[in-house]
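The chain contents come next:
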Protein chains: 4
Amino acid sequence: MNFCSDNVTGASPEILEALTRANAGTRPSYGEDDQTARVEAKLKEIFETDLAAFPVATGTAANALGLSLITPPYGALYCHRDAHVAVDECGAPELYTGGAKLVDLPGEHGKLSAADIDAALAASHKGVVHHVQAASISLTQATESGTSYRPAEVAAIAAAARPYGVKLHMDGARFANALAFLKVSPAEITWRAGIDILSFGATKNGALAAEAVVIFDKALAAEFAFRRKRGGHLFSKMRFLSAQLDAYLEGGLWLKNARHANAMAQRLAEGLGRIKGARLAHPVEANEIFVDLPEHAIRGLQADGFQFHRWLGEDKTQLRLVTGFDTKEADVAAFIASAERHAARANEKVA
Amino acid sequence: MNFCSDNVTGASPEILEALTRANAGTRPSYGEDDQTARVEAKLKEIFETDLAAFPVATGTAANALGLSLITPPYGALYCHRDAHVAVDECGAPELYTGGAKLVDLPGEHGKLSAADIDAALAASHKGVVHHVQAASISLTQATESGTSYRPAEVAAIAAAARPYGVKLHMDGARFANALAFLKVSPAEITWRAGIDILSFGATKNGALAAEAVVIFDKALAAEFAFRRKRGGHLFSKMRFLSAQLDAYLEGGLWLKNARHANAMAQRLAEGLGRIKGARLAHPVEANEIFVDLPEHAIRGLQADGFQFHRWLGEDKTQLRLVTGFDTKEADVAAFIASAERHAARANEKVA
Amino acid sequence: MNFCSDNVTGASPEILEALTRANAGTRPSYGEDDQTARVEAKLKEIFETDLAAFPVATGTAANALGLSLITPPYGALYCHRDAHVAVDECGAPELYTGGAKLVDLPGEHGKLSAADIDAALAASHKGVVHHVQAASISLTQATESGTSYRPAEVAAIAAAARPYGVKLHMDGARFANALAFLKVSPAEITWRAGIDILSFGATKNGALAAEAVVIFDKALAAEFAFRRKRGGHLFSKMRFLSAQLDAYLEGGLWLKNARHANAMAQRLAEGLGRIKGARLAHPVEANEIFVDLPEHAIRGLQADGFQFHRWLGEDKTQLRLVTGFDTKEADVAAFIASAERHAARANEKVA
Amino acid sequence: MNFCSDNVTGASPEILEALTRANAGTRPSYGEDDQTARVEAKLKEIFETDLAAFPVATGTAANALGLSLITPPYGALYCHRDAHVAVDECGAPELYTGGAKLVDLPGEHGKLSAADIDAALAASHKGVVHHVQAASISLTQATESGTSYRPAEVAAIAAAARPYGVKLHMDGARFANALAFLKVSPAEITWRAGIDILSFGATKNGALAAEAVVIFDKALAAEFAFRRKRGGHLFSKMRFLSAQLDAYLEGGLWLKNARHANAMAQRLAEGLGRIKGARLAHPVEANEIFVDLPEHAIRGLQADGFQFHRWLGEDKTQLRLVTGFDTKEADVAAFIASAERHAARANEKVA
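Residues numbered from 1 in each chain as written. Chains lettered and ligands numbered in written order. Predicted model: local features only at pLDDT ≥ 70, side-chain atom pairs only at ≥ 80, totals over all residues. Heavy atoms only, no water.

Draft legend 1. Up close: the overall build of chain A. Counting its regular elements, chain A contains 14 helices and 11 strands. Seen through its principal axes, chain A has C-alpha atoms that stretch 65 × 55 × 30 Å. Counting the 351 residues in chain A, one finds 66% classified as buried. Contacts spanning at least 24 positions in sequence make up 76% of the contacts within chain A whose residues lie at least 6 apart. Separation of charge centres in chain A, based on 37 positive and 41 negative side chains, amounts to 2 Å. (Helix = DSSP H or I, 4+ residues; strand = E, 2+ residues; numbered from the N terminus. Buried < 20%, exposed > 50% of the residue type's maximum accessible area, 1.4 Å probe, protein only. Contact = heavy atoms within 4.5 Å. Lys, Arg positive; Asp, Glu negative; His and termini not counted. Charge placed at Lys NZ, Arg CZ, Asp CG, Glu CD.)

As structure tokens, then:
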């Protein structure tokens, strides 16, 4: 029973089956096939707008390639200090932008605020040659704290960015989870709110390894294909990437998967919330839970075979628990029961 | 009936099935799983030596990442003027090395010669600050002309490189095909002959999208993992890359696939060789055939529904035909028959 | 009367004259001349050790090139959040390192502390593939707050860095001023304390445009010449760079200039310190003064024709005043008198 | 008597004196001074058009920074196979463009031809994702063979480039020498013929270290200042760069210097041309002479103390002789006399 991450999961059966179907016969390579075109068409429908979409295999590639379209080498990219692009990609955005600077900002519950963005941009020395130039903002949706930006929050950040000519990227590694929580349309939380480029994640939510870079401002798309190829991210047998995305979008599988993961997270949060000494660090608005538990409970859970990460360090008691598209209700219930039991025993000892 | 490339094929059934098997349960992400370790162990056995192996999804990534270990930003990389790294990767080696220079050399039938390498290195101004510094050589095996380097040829190039401290990379996108042709051991044609890093290809020969960067000089491996992650090439659900490679290596599937593709290429070469007016441009030593055919024959083949590339330009009569692990004997026979028929008709007209 | 920066000054007469002397006759280009060798020899003597020294024309080039020797593309460079390399070089370190990440740390009076470095390195996830790898630290001497690191402070930071294999760079744009203040030997504050590479500044202290990158760990020097050339920083008529450095070092001109600038700064600090409502933000340990003055005094000084920068924003009352090798005592006295007069008038009004 | 290069010379007295004049008083730093503005104004007058001009200290910096404006990381830059940018800058264009590819073309007497450019661009796979994208052409004026492009030649190349959206750069390290030879206006050989960006050289022709990047297409100029700063090429005491250029342009010093160097080259060419066994490899159209001399004559010249480079290798008999703004007639005469004498003696022996 592994709650370490949504990437310890395998793939949705529907997506695996799609690979098998895609295997038949010869197909034009490098994305010239029909299925790749169909994925783009489906995304246009889902996002209710014209757009350009490019499949890639990893979220890091999607983010870094997308950011390279809106951040020149002498540019500054603003993001939350916990953002995946800032701390978990070993400098991929720097590689793909040719050395741009990531400017980390604080923000409660993993979110940037329009006010902080505004203040940062006002202080950014736009036009002054000694300083990197404010170019882009990256928002993670859902955030690294498991929260979700509302459309109005994104729109306010976009409004703060616009006077500076700053573009917006959304790292949607858990985009489906955010959407399932927010119950808004894909358009509403992206281009209508001011997002220029979206990393549309599928891997964490049921694909084997597939993301789409969705470019709403099509003028930005012209050079994407060259940058993708140059990064080694153009698949020769593209059918196998596109088939994943095709199945992921088909019949709303992506939202169905996300709704399940979110529901499991809510159940976990409620169950743990009832435990004495437990405290949720952030609102649970997707499929991640950050919870402080008594040390005895943590050790007990580990002894019972549950896997998860201590989030703030090996000597700290905040856990991150991540649910996935295939998390079992029974496992959630078992986790809660184990936590309850060990916490109670600890409380007894204290008492 | 598509002879455009070995990447218009799907995947070997054994490899697709391996994906399904790999799907069960949770697994540590980012390559910490057992299957990834098993792939490395198998490669050690196959190459009869200690080594470090890193799965990636594309040949371009494998090449560019491998080259970045042995070519500093101010370095020069020597390769054949037709090399994939030089002409077909949109500058990926330049991106990953931080701007090294690729020096193209000519060479018959797609091969570099030790004499040309020696001359180039002697003229390379080693140590002179105005010039990029000779750092590495990349050999393609099988070559872009469908020929294969013999162990003695590789060893002679390595001997020419050694006095200059120049390292050797092998782009093995069609390594299995070369090996199946040469009938030598994997060790003999790589590290024993002086290769430091190998891009061990699987995609063209039956995988969906999987290659392994095989590093024989393990001192070079220390930074690979960081460079791979930074390039966006570290898969979170690594099991799905490793499962492909695992199945590819299992029971010699890789060589079996290659032998079939090579056999089909030989048959095609023999069949076409008998046609009046046909001429093979290069010896057929893997699964690619470069053949000049009469224009009438080419048009006839196209009319009959065969797909292939004219190789030297749309107004030229040299074709590249590539066979794959799943090329059908009947298709090869049909191709030959069609070519014969159209060539004969053309000859009649001329006569 | 311009206190904006020490780079609003011209050059020391001795240095200009050296240019004229250097002009005679032909000389080997690109640094093969005797004078360039002499500069290196003088630096060896001054620093009492073997070393490699490379002239360049700007401090930004010196810093970025130096850092590129000790920070790989996937590396992290730790520096003070006000460091010139972090905020005033438009991303030069990122360009030259191939996209490394600068990690900003806070620190009182412009200084990093060994404790903060230790904590940062301990939390840096050394060896974990998702994160850029701690590689180097850059200390500014004198700091951006006009203070100077003591040898023991540098040594403590070096001791914290060593277990992580992290190298030390010193941005010595105002190295002479720090040394003149500290009254320690050049060796003591650099390599003996653990510095691997020093940007030895001359431009701000009397040269036209000349710095030397001084590499104490000579194993790091091998690739410097290639990186300098590649950056466009190798002068063909190198004599004109080296002549500046030669004259700068000759007879201790560098320390004489720095002592004068420091003395002017001390006088300014003392004079301003006596003004009611004035407050020095940092100890004055080189040639920069950061002082809060009453708004009326600031406006009065401006009206009297004095030039300087408001440091924390145009609406803030902290000034940065910089003295130079040629600052006149009379100008300092005039500045103090003007500030006193305007401050007194303001106080009258308030009273 | 050193004919190795025009960079073994010192500086014109007028330029040295200008440095002394520029030294007085304080001045705004980083190019905000009047003299920097005056240089740009003078260049506008000389080139009879609006333009943006940026001083830098080296030709390599001028070239690489200029090229970075018109060549994206996935771009291809076409140049002569002997071009300085291709062979003598240790990969500077690759660094500043973020890894673009330089495509070398042959061409008689150091010149690219419009026909070859046209053929190369036609074969460049514009728009095809596997290949770097044709972006720019760099012409060297005067060429590395000492010849000069005529306006019609440049215009023909520009006409070939235009349909592909390819921009033109001119490496004018010896621009003054070409102009003095061609006797055309600066406008005629640059923007009127289709040049977008010019590296306007001064160092080789009398400056200490100064070049101007002249941007005729001002839309390209917006990001130059950031790229220059990021490269470490923005001088704080910019007055000392601008003063050189100011004096260089004043009263036509630049053309006067070039005319002298050219005249000395012509005299040398004529004198050597009369020697039996001597052969000029290229027309002499600037200040460089490439001449084959009998081995005995070469050794004799060396024994007499003349310095020069053998051009095609230490075992070859082609010499490059470069004259400068301060080459003495007497030295030229002495060189010719020595060559004549030694050649005659050799001929005697043979006879």
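Additional details are given in the paragraphs that follow.
Draft legend 2. Inspection of the side chain of Ser138 of chain D at higher detail. Within the element layout of this structure, Ser138 of chain D appears in strand E4 (residues 133–140). Of note is the side chain of Ser138 of chain D, whose polar atom sits 2.9 Å from the side chain of His169 of chain D. (Polar contact = N/O pair within 3.5 Å; in protein donor to acceptor, adjacent residues only side chain to side chain.)

Draft legend 3. Here's a closer look at the packing of helix H1 (residues 13–22) of chain B against helix H11 (residues 239–249) of chain B. Residues and elements named next belong to chain B. Taken N-terminus to C-terminus, the directions of H1 and H11 make an angle of 135°; their axes are 8 Å apart at the nearest point. One way to sum up the angle between H1 and H11 is to call them oblique. For the crossing formed where H1 meets H11, the hand is right-handed. Here Glu14, Ile15, Ala18, Leu19 and Ala22 of H1 come into contact with H11, specifically with Arg239, Phe240, Ala243, Gln244, Ala247 and Tyr248. In terms of residue class, the contact of H1 with H11 is built from 8 nonpolar, 1 polar and 2 charged. (Axes fitted to C-alpha atoms, helices over the stretch in contact; angles between N-to-C directions. Parallel < 35°, antiparallel > 145°, perpendicular 65-115°, else oblique. Left-handed = near helix turned anticlockwise from the far one by under 90°. Nonpolar A, V, L, I, M, F, W, Y, C, P; charged D, E, K, R; others polar.)

Draft legend 4. Quick peek at the pairing of strand E2 (residues 75–80) of chain C. Residue and element names in this part refer to chain C. The buried fraction of E2 amounts to 6 of the 6 residues, a majority that puts the element mostly inside the structure. Both E2 and strand E4 (residues 133–140) contribute to a ladder of 5 bridges, which runs parallel. The partner of Tyr78 across the bridge, within E4, is Ile137. Note that E2 and strand E3 (residues 101–105) share 5 bridges and pair parallel. Directly across from His80, in E3, lies its bridge partner Leu105. (Pairing = 2+ DSSP bridges.)

Draft legend 5. Representation of the relation of the copies chain C and chain D within the structure. Superposition of chain C onto chain D requires a rotation of 180° combined with a translation of 0.0 Å along the rotation axis, giving an RMSD of 0.0 Å. Here the two chains are linked by the operation of a two-fold rotation axis. Closest to the rotation axis within chain C is the C-alpha of Gly231 of chain C, separated from it by 3.5 Å. Looking at chain C, 100% of its interface residues are interface residues in chain D too, so the copies touch through the same face. (Least-squares fit on C-alpha atoms with pLDDT ≥ 70 in both.)

Draft legend 6. Expanded view of the environment of Gly305 of chain C. Residues and elements named next belong to chain C. Mapped onto the secondary structure, Gly305 falls in the loop between helix H13 (295–303) and strand E10 (309–310). We classify Gly305 as partly exposed; its relative accessible area is 39%. Separated by 13 residues in the primary sequence, Gly305 and Asp292 have C-alpha atoms spaced 19 Å apart.

Draft legend 7. Summary view of the interface of chain B and chain A. Taken together, the 45 residues of chain B in the interface contact 45 residues of chain A. The largest share of the area that chain B buries against chain A comes from Leu95, Arg230 and Lys237 of chain B, three residues that together contribute 20% of it. Along the contact surface separating chain B from chain A lie 34 residue pairs in polar contact (both at pLDDT 80 or more). If you list the elements that add at least two residues to the side of chain B that touches chain A, you get H1, helix H3 (59–68), helix H5 (92–97), helix H10 (224–230) and H11 of chain B. By residue number, the principal contributor to the side of chain B that touches chain A is H5 of chain B, which donates 4 residues. (Buried area = accessible area lost by both parts, 1.4 Å probe.)

Draft legend 8. Region of the structure containing the relation of the copies chain B and chain A. Superposition record for chain B on chain A: RMSD 0.0 Å, screw rotation 180°, translation along axis 0.0 Å. Taken together, the interface assignments show that 100% of the residues at the interface of chain B recur at the interface of chain A, consistent with an identical surface on both copies.

Draft legend 9. A negative patch on the surface, seen in detail. Side chains of Asp82 and Asp104 of chain A together with Asp82 and Asp104 of chain C sit close together on the surface and give a patch of like negative charge. Positionally, Asp82 of chain A belongs in the loop between strand E2 (75–80) and helix H4 (84–87). (Patch = residues over 30% accessible without salt bridge, like charges linked within 9 Å, V, L, I, M, F, W, Y side chains within 5 Å. Areas by Shrake-Rupley, 256 points an atom, 1.4 Å probe, with all protein chains shown as cover. Salt bridge = Lys/Arg side-chain N within 4 Å of Asp/Glu carboxyl O.)

Draft legend 10. Region of interest: the sheet that holds strand E9 (residues 288–292) of chain C. Residues and elements named next belong to chain C. With antiparallel pairing, the 4 strands of this open sheet are ordered in space as E8-E9-E11-E10. A single partner strand is all that each edge strand has here, and the edge strands are strand E8 (279–280) and E10. Relative to strand E11 (residues 318–322), E9 runs antiparallel, the two being bridged by 5 bridges. Paired with Glu288 across the two strands is Val322, which belongs to E11. Helix H12 (residues 253–273) contacts E8, E9 and E11 of the sheet and is inclined by roughly 15° relative to E9.

Draft legend 11. Spotlight on the interface of chain C and chain D. Counting from both sides, the interface comprises 45 residues of chain C and, opposite them, 45 residues of chain D. Here chain C packs against chain D, burying approximately 3600 Å² in sum over the two surfaces, 57% of which is carbon and sulfur. Contact with chain D buries surface across chain C, with Leu95, Arg230 and Lys237 of chain C losing the most and accounting together for 20% of the total. Linking chain C to chain D there are 0 salt bridges. Of all the secondary structure elements, the ones that give two or more residues to the side of chain C that touches chain D are helix H1 (13–22), helix H3 (59–68), helix H5 (92–97), helix H10 (224–230) and helix H11 (239–249) of chain C. If you tally residues by element for the side of chain C that touches chain D, the top one is H5 of chain C, at 4 residues. Its residues placed into classes, the side of chain C that touches chain D shows 18 nonpolar, 18 polar and 9 charged.

Draft legend 12. Region of interest: the sheet that holds strand E3 (residues 101–105) of chain B. Residue and element names in this part refer to chain B. Pairing is mixed across the open sheet formed by 7 strands, whose spatial order is E1-E7-E6-E5-E4-E2-E3. Both outer strands of the open sheet, strand E1 (52–56) and E3, are each paired with one neighbouring strand and no more. Across the sheet, the axes of successive neighbouring strands diverge by a mean angle of 20°, strand direction being ignored. This element, helix H2 (residues 34–47), spans E1, strand E6 (197–201) and strand E7 (211–215) of the sheet and lies at about 125° to E1.

Draft legend 13. Structural detail: the packing of aromatic side chains. Taken as a whole, this structure holds 56 aromatic pairs over all chains when the rule is applied. Aromatic side chains Tyr74 of chain A and Phe226 of chain D sit 5.4 Å apart centroid to centroid with 10° between the ring planes, which places their arrangement in the stacked category. Placement of the pair is Tyr74 of chain A in the loop between helix H3 (59–68) and E2 and Phe226 of chain D in helix H10 (residues 224–230), with the two residues belonging to separate chains. Looking at Tyr74 of chain A, the relative accessible area reads 10%, which means it is buried. Phe226 of chain D gets classed as buried once you look at its relative accessible area, which sits at 11%. Above the ring of Tyr149 of chain B, the side-chain terminus of Lys111 of chain B is found at 5.9 Å from the ring centroid. (Phe/Tyr/Trp six-rings, centres within 6.5 Å; stacked < 30°, edge-to-face > 60°. Lys NZ or Arg CZ within 6 Å of the ring centre and 35° of its normal.)

Draft legend 14. The arrangement of helix H8 (residues 175–182) of chain D in detail. All names here are of chain D. Among the 8 residues in H8, 7 count as buried, and that is most of the element. All of the buried residues in H8 are Phe175, Ala176, Asn177, Ala178, Leu179, Ala180 and Leu182. Buried residues along H8 sit in contact with helix H2 (34–47), strand E5 (167–172), helix H9 (186–189), strand E6 (197–201), helix H11 (239–249) and helix H12 (253–273). After H8 finishes, the residue Lys183 shows a positive phi value of roughly 55°.

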